[in-house]
Amino acid sequence: MILVWSGLRGAVALSLSLSVKRTSDTVQHYLKPEVGTMFVFFTGGIVFLTLIFNGSTTQFLLHILGMDKLSATKLRILKYTRYEMLNKALEAFGELRDDEELGPADWATVKKHITCLNDLDDDPEHPHDVDDRDDHVHTMNIRDIRVRLLNGVQAAYWAMLEEGRINQATANILMRSVDEAMDLVSRQPLCDWKGLKSNVQFPSYYRFLQMSRLPRKLVTYFTVERLESGCYICAAFLRAHRIARRQLHDFLGDSEVARIVIDESNAEGEEARKFLEDVRVTFPQVLRVLKTRQVTYSVLAHLSEYIQNLQKTGLLEEKEMVHLDDALQTDLKKLKRNPPLVKMPRVSDLLNTHPLVGALPAAARDPLLSNTKETVRGHGMIVYREGSRPTGIWLISIGVVKWTSQRLSRRHSLDPILSHGSTLGLYEVLIGKPYICDMITDSVVHCFFIEAEKIDELRHSDPSIEVFLWQESALVIARLLLPQIFEKMAMHEIRVLVAERSTMNIYIKGEDIEIEQNYIGILLEGFLKTRNQNLITPPAVLLPSNADLSLFGLESSAVNLVDYYHTAPSYQVEARARIIFFDMGRASEAQADLQRTASLLSHGHELPRTMSKEHSGLLRWPESFRRSRGAHSASLSEIRNQPGSFSARALQLSMYGSMVSPSGQGHRRHRLRGMPVANKRHSSSYPRVPSRPPNARHLLSVQSEGSNMKRMAAPKDAGQANPAPATADQQQQKAMQDDNWSDDSAGEEVIVRVDSPSMLSFRQSAAGVGSPPHQ
């Protein structure tokens, strides 16, 4: 009925009638001019009436026939989305309400103009909360979520094409596979991999090339050309599905229907992972060559976009922009004509580029290098088991491992994996307890083993190294205990979070700890007690009493059922405790700019959500997955430009694979002579004592009985000579050296060693940036 009512319209009918009219005007005997005129009149009249009459009443006809109604599944999704829109509206209003020039605004008045949000009920319902006995609704829900996930996969392909991760030919193949899978979602599980199988082949005779006596460069050249397309397709397929799964989980939460589709997506990627594993085992240099090509192309494209933006904002003239862009385009052409062939790194290079080992000074690093054991583990092999004695740590250089645990819940862990650059087992070695989870290889893994005795020697060699080791262990512990927050971040992003938005405190017995709002604590060592005398053992997550438990997927009645989650107004220290606090309030300030997936050279870092869910809009998938590179690039640069910081060195090795010289930024970020240095607060309840460099001040030894006052009153009796007064320039130079040497001490602080610190009370300065939780 709709097709009949749609009538005659469009340019084709008018073109045919005009063609008849033109033919009738020529000299011929079979078509009179009057016939051609009638063709134009009737055709044009019918088209006109169709557009005016039929076109204006088609919507009414659709409504009469019931063809404009949404299914019950889509109505529930839309209603759920409207609640999320309300949260977004409240968040946007909170950011824009106050204005220094125009003054405040009223939410009630603003909401009146948002009519689509006025008739919402108080309690939102999940779109999949339906009767389990209704099989038809359950089937429709699964079909709907499959379509949405495939839409997300396709959007991720577009984003990778824009980023330069895949070329146009690869993108066409990937898009076509999604279109074919869309037609089959109602009859079978996700099947977009079927359309890619014919393009991903690993001939069996390739294995013999690796064992042949042909020149290595020749073998690499031919294998790269043959395997390039397959590797790019598999890598893009796995990445797109991972992005879509994450966004689906963020939008719908812990839904049975979403879990079914997510499991189908994981099963789809098995063959793609196997193909990449075969390539990694047989030709490990191929993946490195392809990744180098991909990154080099993306870096050049990013630089070209950057200088074009400079020209658009007026910072560069057009001639200057053209000069720089021509140089970049020349490099891009050279890259396409003569792609790089990369050599595989040596074992010593792999160790030196690992963030844990490479960040250490040479004196501490050399003993470790001489006592490491290299090993290669195949897919599915056990690295260590939960509950076994911690015999050492594992440095992952290449590959991915997966964790499982009987104690730790994986309910909120969508991708329980740890990639290259991770250090496994470090926390257990530091604390001296059995391994807290199973670590199983999820691909071919190239790793190094260091015995626990060597780590103990390294730990006691320097207090600053010990603090660095605890920070490195917190990276993995945070992902295990809080996967709903830290699993979404890359390892280098968590390093930035630990360095910039966390505080590691040491508490002594008897102290009370009150965690402020928007803080999350992780107990690394020691014992705590709550007011109801519940003993808390490490590792454990410490939450404030007013914490939003829904953020962690917990209900107030079930928080105590998970033995490593604790919420209380205050905690009392039973034994010397070490706690790392994450300031989630400061993290939320950057959330709006950092919620997209990272582009290649993005200097920002994604931070977790706090008070409301951050969804990338599953119903309308984001057009760009690039992260903002604005406000928080400065903080990352400050970390990167601290040459004496172990965390800064580890961050550079994690991001770049080597140490990056900050000299290129000296003209912009160099501290001006005479500028005051901001005081940095200590990160423990009593200050830790770093190792003293040759030019540092001596510590004052203070006794608890009071005899120190007599010794300080008569320094001549102790044989101490008064030092010669220093000039102003010497004092300033010394202050600069002290500031560069220590990350936790600045200005004219005096560190005092006492015999009995348990009776002292330490308070943080109110001027400190982001004061830590109360004590």
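Conventions adopted
Residues numbered from 1 in each chain as written. Predicted model: local features only at pLDDT ≥ 70, side-chain atom pairs only at ≥ 80, totals over all residues. Heavy atoms only, no water. Pairing = 2+ DSSP bridges. Helix = DSSP H or I, 4+ residues; strand = E, 2+ residues; numbered from the N terminus. Contact = heavy atoms within 4.5 Å. Axes fitted to C-alpha atoms, helices over the stretch in contact; angles between N-to-C directions. 1 Å grid on protein atoms, 1.4 Å probe; cavity = no way out; pocket = protein on both sides within 12 Å on 5 of 7 lines; lining within 4 Å. Points joined across faces, edges and corners; volume = space filled by probe spheres on them. Nonpolar A, V, L, I, M, F, W, Y, C, P; charged D, E, K, R; others polar. Phe/Tyr/Trp six-rings, centres within 6.5 Å; stacked < 30°, edge-to-face > 60°. Buried < 20%, exposed > 50% of the residue type's maximum accessible area, 1.4 Å probe, protein only. Bend = angle between axes of the 7 residues up to and from the residue. Parallel < 35°, antiparallel > 145°, perpendicular 65-115°, else oblique. Patch = residues over 30% accessible without salt bridge, like charges linked within 9 Å, V, L, I, M, F, W, Y side chains within 5 Å. Areas by Shrake-Rupley, 256 points an atom, 1.4 Å probe, with all protein chains shown as cover. Salt bridge = Lys/Arg side-chain N within 4 Å of Asp/Glu carboxyl O. UniProt positions renumbered as here; feature names shortened; annotations may be inferred. pLDDT = per-residue confidence, 0-100.

**Details of the sheet that holds strand β8 (residues 445–451)**
- Strand order in this open sheet of four strands is β1-β8-β3-β6, and the pairing throughout is antiparallel. Edge strands, defined here as strands with exactly one partner in the open sheet, are β1 (372–377) and β6 (423–424).
- Where helix α18 (residues 452–461) meets the sheet, it contacts β3 (392–398) and β8, and its direction lies at approximately 65° from that of β8.

**A few points about empty space enclosed by the protein**
- Summed over the entire model, instances satisfying the criterion amount to six cavities of 30 Å³ or more.
- Its boundaries defined by the atoms lining it, the largest cavity holds a volume of some 80 Å³.
- Lining the largest cavity are F468, Q471, E472, L475, R495, V498, A499, S647, A650 and L651.
- Elements represented by at least two residues in the lining of the largest cavity include exactly α19 (463–481), α21 (491–500) and α24 (646–656).
- Of all the elements, α19 adds the most residues to the lining of the largest cavity, at four residues.
- Considering only residue class, the lining of the largest cavity consists of six nonpolar, two polar and two charged.

**Quick word on the packing of aromatic side chains**
- For the structure shown, the criterion picks out nine aromatic pairs.
- Between W5 and F53, the aromatic rings sit 5.9 Å apart at their centres with planes inclined by 55°, giving tilted as the arrangement. Of the two residues, W5 sits in helix α1 (residues 2–5) while F53 sits in helix α3 (residues 33–65), which places them 48 residues apart along the sequence.
- The interplanar angle of 50° and the centroid separation of 5.6 Å between the aromatic rings of F468 and F646 together place this pair among those described as tilted. You can see F468 sitting in helix α19 and its partner F646 sitting in helix α24, a full 178 residues away along the chain.
- Exposure remark for F468: the relative accessible area of 1% places this residue in the buried category.
- Judged by relative accessible area, F646 falls into the buried class, the value being 16%.

**Concerning α3**
- Along its length, α3 reaches its greatest deviation from straightness, about 40°, at T58.
- The elements touched by buried residues of α3 are α1 and α2 (11–25).

**Examining the packing of helix α6 (residues 135–163) against helix α7 (residues 168–182)**
- One way to put it is that α6 packs onto α7 with a least axis distance of 10 Å and a crossing angle of 175°. By the angle class used here, α6 and α7 are roughly antiparallel. Across the interface between the two elements, V147, L150, N151, V153, Q154, Y157, W158 and L161 of α6 pack against Q168, A171, L174, M175, V178, D179, A181 and M182 of α7.

**Remarks on unusual backbone geometry**
- Following P538, the chain continues to P539 via a peptide bond in cis, the omega torsion being -5°.
- Turning to its location among the elements, P539 is positioned in the loop between β12 (535–536) and β13 (540–543).
- For N518, which is not a glycine, the phi torsion comes out positive at approximately 75°.
- Along the chain, the position of N518 falls in the loop between β10 (512–513) and β11 (519–529).

**Description of a nonpolar patch on the surface**
- Together, W5, F48, L49, L51, I52 and F53 give the surface a local cluster of nonpolar side chains, amounting to about 650 Å² of exposed area.
- A per-element tally of the nonpolar patch places α3 first, with five residues.
- Relative to the assigned elements, F48 resides in helix α3.

**Considering the UniProt feature "transmembrane region" (unreviewed entry) in the protein chain**
- Mapped onto the present numbering, the UniProt feature "transmembrane region" (unreviewed entry) falls on residues 35–53.
- The straight-line gap between the two end C-alpha atoms of residues 35–53 is 26 Å; of that span, 100% is helix and 0% is strand.

**Things to note about the confidence of the model for the protein chain**
- Summary statistics for the protein chain give a mean pLDDT of 75 and a share of 70% for residues scoring 70 or more.
- Per-residue pLDDT stays below 50 along residues 556–561; that stretch engages in five contacts with residues further than four places along the chain or on separate chains.
- Predicted confidence is poor over residues 731–771, with pLDDT under 50, and the contacts of this stretch with residues over four places away or in other chains come to 66 contacts.

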